[in-house]
Amino acid sequence: MKYWREAATVILAARPRTAEGLTRKQTATGLRAQAGGAGPECEDYRILMLKRSGKSSFMPSRMVFPGGTVSSVDHSRDWLDLFLRMAGKPLHETLRRIRVDGPRAPMVSGERPEWPGMPPDVTFRICGIRELFEEAGILLALSREELSQTMDCSDGDRLLSVKQWNESERTELEKWRKLVNSNADAFLEMCVKLEVFPNIWELHEWNNWLTPVLGKTQKTSTKKPLRFDTMFYICCFDCDRLPDASADEGETVLCQWKRPLEFLSSGEDNHLTIDIPQGYELKRLLNFPSLEELNRFSAERESKGLLRCFPLIQLCQDGFVALYPGNSYN
């Protein structure tokens, strides 16, 4: 019996090309000047975050990365058939590109009898891409030609270029988005109809968060808390302009592209509410001022594996303390 639901989240890091023709170095210099010239380089990329509805049962009115729980369509064997028709080879032959030599989180470490033939590494990535499409209207998918080019490319450090859909294509995608929001099974139907396949190869494992429990000072409650075991993926890409992102006006009410430091500053000023996992990950991103550095690190870090991150929340009289692996409880 599991006491939590499994989910996937996607951290999108996008770098729009500058319309003024400035080099990225010149752009970063200007950003540092705006910030007073102090501290590390400003990030040359933006992160997508969504504001959850105030009516949500989990993390209401919080700023989050796109994501959600696994649906049965995410581990359907029909994905294997679609890939074989599009690429002319079994999907399993391409999974060597998702190379992990170190420890694996429990949610991806073994076979799932209830998911016959579908590796967890594929299922959770499809889940994250589907939820990104549902919540923000951004589709990370490859056409037959793009799929062939991706399979032939061996450069793991290259930056992804996201397709810019034309107006008629965006209208068609918005129709499908409404269907997928009503029934997740429509995501597979859409990919078959449009002859595209979720770009699972550009999502790198970044972290695995298990929703924390409260410490011993918590008042007794008979209500079972909502908890999620969530794989966080990261995807880096260049673009002519930031992809159009729009809230679904159901689970999400706002979409924003900002630099990591801008989100953190907004949270400190109480303009936005950012919870522990999102704040933690945004602060990790401050270590990487350039998208190339972030992309290179995320690919190398994935190969080393990861363990589940399970913080403990200790309630205090005037607030709470979040304890992470490696912290002293005393």
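Further remarks concern the overall build of the chain. The helix and strand tally for the chain stands at 9 helices and 14 strands. Taken over 330 residues, the chain has a buried fraction of 48%. Across the chain, every contact between residues at least 6 apart in sequence was considered, and the portion connecting residues at least 24 apart equals 78%. A total of about 16,600 Å² of accessible surface is found on the chain, and carbon and sulfur atoms cover 50% of it.

Moving on, we get to the pattern of salt bridges. Applying the stated criterion to the full structure yields 20 salt bridges. The partner of R112 in a salt bridge is E6, with the nearest N and O atoms 2.7 Å apart. Taken together, the positions of R112 in the loop between α2 (78–87) and α3 (120–136) and E6 in strand β1 (residues 5–16) put the pair 106 residues apart, joining distant regions of the chain. Summarising the burial analysis for this pair, R112 and E6 share the class buried.

By size, the foremost hydrophobic cluster in this structure holds 59 residues, and its most contacted members are L12, L48, W79, F187 and W201. With 8 residues, α3 is the largest single contributor of residues to this core. Filtering out sequence-adjacent residues up to four positions away, L12 remains in contact with R46, I47, L48, L132, I138, L140, C235, F237 and W257. Counting 20 residues, the second largest nonpolar core, distinct from the first, contains I47, F65, F232 and L291.

Moving on: unusual backbone geometry. One non-glycine residue, E195, adopts positive backbone phi at about 55°. With respect to the helices, strands and loops of the structure, E195 is situated in the loop between α6 (186–194) and β7 (196–198). For E249, which is not glycine, the phi dihedral falls at a positive 60°. Looking at the element boundaries, E249 is found in the loop between β10 (228–239) and β11 (252–258).

Taking 1.5 Å of rise per residue, the 13 residues of helix α9 (residues 291–303) would be expected to cover 18 Å, and the 19 Å separating its terminal C-alpha atoms lies within 8% of that figure. Close packing links the buried residues of α9 with β1, α3, β8 (204–210), β10 and α8 (276–285). Immediately beyond the C-terminal end of α9, within one or two residues, lies G305, with a positive phi of roughly 80°.

Below, the discussion takes up the confidence of the model for the chain. This prediction gives the chain a mean pLDDT of 83; 80% of its residues lie at or above 70. When the criterion is pLDDT under 50, residues 216–220 qualifies, and its contacts beyond four places in sequence or with other chains add up to 5 contacts.

Following the criterion strictly, the structure yields 12 aromatic pairs and no others. Aromatic pair W206 and F297: ring centres 6.0 Å apart, planes at 80°, arrangement edge-to-face. Linking W206 in strand β8 with F297 in helix α9, this pair joins segments that are 91 residues apart in sequence. Judged by relative accessible area, which is 2%, W206 ranks as buried. A residue is classified by how much of its surface remains accessible, and F297, at 31% relative accessible area, is partly exposed. With a centroid separation of 5.3 Å and 80° between ring planes, the pair formed by W209 and Y280 is classed as edge-to-face. A residue pair is termed long-range when its members are at least 10 positions apart, and W209 in strand β8 and Y280 in helix α8 qualify at 71 residues.

Criteria and thresholds
Per chain, residue numbering runs from 1 following the sequence as it is written. Two thresholds apply to this predicted model, a pLDDT of at least 70 for residue-level local features and 80 or more for giving and counting side-chain atom pairs, whereas whole-chain, interface and lining totals are computed over all residues. Where side-chain values are given, they derive from all heavy atoms of the structure, hydrogens and water being excluded. In this text, helices come from DSSP runs of H or I with a minimum length of four residues, and strands from runs of E with a minimum of two, each type numbered from the N-terminal end. Relative accessibility decides the category of a residue: with a 1.4 Å probe and only protein chains considered, values under 20% of the type maximum give buried, values over 50% give exposed, and everything between is partly exposed. In what follows, residue pairs with any heavy atoms lying within 4.5 Å of each other are defined as contacts. Each accessible area value is a Shrake-Rupley result obtained with a 1.4 Å probe; residue values ignore everything except the protein chains displayed when judging cover. Between Lys or Arg on one side and Asp or Glu on the other, a salt bridge is scored when a side-chain nitrogen of the former is within 4 Å of a carboxyl oxygen of the latter. Nonpolar core, defined: a set of buried Ala, Val, Leu, Ile, Met, Phe, Trp, Tyr and Cys residues in which side-chain atoms within 4.5 Å join the residues together. Residue count minus one, scaled by 1.5 Å, sets the expected span of a helix. pLDDT is defined as a per-residue confidence score from the predictor, taking values between 0 and 100. When two rings of Phe, Tyr or Trp (its six-membered ring) have centres within 6.5 Å they constitute a pair, described as stacked for plane angles under 30 degrees, edge-to-face for angles over 60, and tilted for the intermediate range.

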